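Listed below are the residues making up each chain.
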Amino acid sequence: MDEGEREETWNDFRELVNMRPAELEKWLESDDSQNAGQHQDGGESTGHASGRRIVTILRARKDDLSDDDYRHMRKVVGYVRRHLAQRPSGDVRDTRWRYSLMNWGHDPLGG
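Residues numbered from 1 in each chain as written. Predicted model: local features only at pLDDT ≥ 70, side-chain atom pairs only at ≥ 80, totals over all residues. Heavy atoms only, no water.

1. Quick word on the overall build of the chain
Each helix and strand counted, the chain has six helices and zero strands in total. Traced from its N-terminal end to its C-terminal end, the chain shows the element sequence α-α-α-α-α-α. Relative to the globule expectation of 13 Å for 111 residues, the C-alpha radius of gyration of the chain, 14 Å, shows essentially globular dimensions. Once the C-alpha set of the chain is aligned to its principal axes, its extents read approximately 40 × 30 × 25 Å. Among the 111 residues that make up the chain, the fraction classed as buried is 41%. Of the contacts made within the chain by residues no fewer than 6 positions apart, 65% connect residues no fewer than 24 positions apart. (Helix = DSSP H or I, 4+ residues; strand = E, 2+ residues; numbered from the N terminus. Rg over C-alpha atoms; globule rule 2.2 N^0.38 Å. Buried < 20%, exposed > 50% of the residue type's maximum accessible area, 1.4 Å probe, protein only. Contact = heavy atoms within 4.5 Å.)

This is the structure:
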C-alpha cells in the first residue's frame, strides 16, 4: 500500500469511526453489542471482533500501523459506508442496525 492510499484510508477511517477507544471498549462489553451482527458457529460476531481490533488501531501511533492494519481500516470504512446507506426509517436509537454500526466504531447518533 503506497503512502497516498495509507493517507486516504487514515482520513476516511478517522472520519467514520466516531467513537473513542474507551467508549467503544465499554460498548463492546454490553449485551447489546455482543448480540448484534452475524455470529459464526455461535461465537463472536464479525463486527464485535472488528471492534476489538479498532480499539487497538485507535490506540496505536499512526507510524506503528501495519499494512494489515490499513487493510482492516479500509474494511471498516467500506462496512460503515454500506451500512449507513441502509439506514432504516424511524427512530434508530435501539436498533440492531445502530448496534451493528457501533461494533464497527461508528455511532450514527454520535458526533
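2. Things to note about the pattern of salt bridges
On inspection of all chains with the given rule, the structure shows eleven salt bridges. Here Arg20 and Glu23 are joined by a salt bridge, their closest N and O atoms 3.7 Å apart. Residue Arg98 pairs with Asp107 through a salt bridge whose shortest N-O separation is 2.9 Å. (Salt bridge = Lys/Arg side-chain N within 4 Å of Asp/Glu carboxyl O.)

3. Points about helix α4 (residues 46-59)
If you check α4, its first and last C-alpha atoms are 20 Å apart, about what 14 residues at 1.5 Å a residue would give, namely 20 Å. In the core, the buried residues of α4 are packed alongside α1 (3-16), α2 (21-28), α3 (31-35), α5 (67-84) and α6 (96-103). (Expected span 1.5 Å × (residues − 1).)

4. Regarding the packing of aromatic side chains
Scanning all chains against the criterion turns up two aromatic pairs. On the numbers, 5.2 Å between centres and 45° between planes, the contact of Trp27 with Tyr99 is tilted. A residue pair is termed long-range when its members are at least 10 positions apart, and Trp27 in helix α2 and Tyr99 in helix α6 qualify at 72 residues. Each member of the pair, Trp27 as well as Tyr99, is classed as buried. Between the aromatic rings of Tyr79 and Trp104, the centroid separation amounts to 4.3 Å while the plane-to-plane angle is 15°, which identifies the pairing as stacked. Taken together, the residues Tyr79 in helix α5 and Trp104 in the segment after α6 connect sequence positions 25 residues apart. (Phe/Tyr/Trp six-rings, centres within 6.5 Å; stacked < 30°, edge-to-face > 60°.)

5. A look at α2
Of the residues making up α2, those classed as buried are Leu24, Trp27 and Leu28. Buried residues of α2, seen end-on, are gathered within an arc of 100° and therefore sit on one face of the element. On its buried face, α2 sits against α3, α4 and α6. (Arc of directions from axis to C-beta.)

6. Description of the side chain of Asp12
Examined against the element boundaries, Asp12 turns out to sit in helix α1. Apart from residues lying up to four places away in sequence, Asp12 is in contact with Val77 and Arg81.

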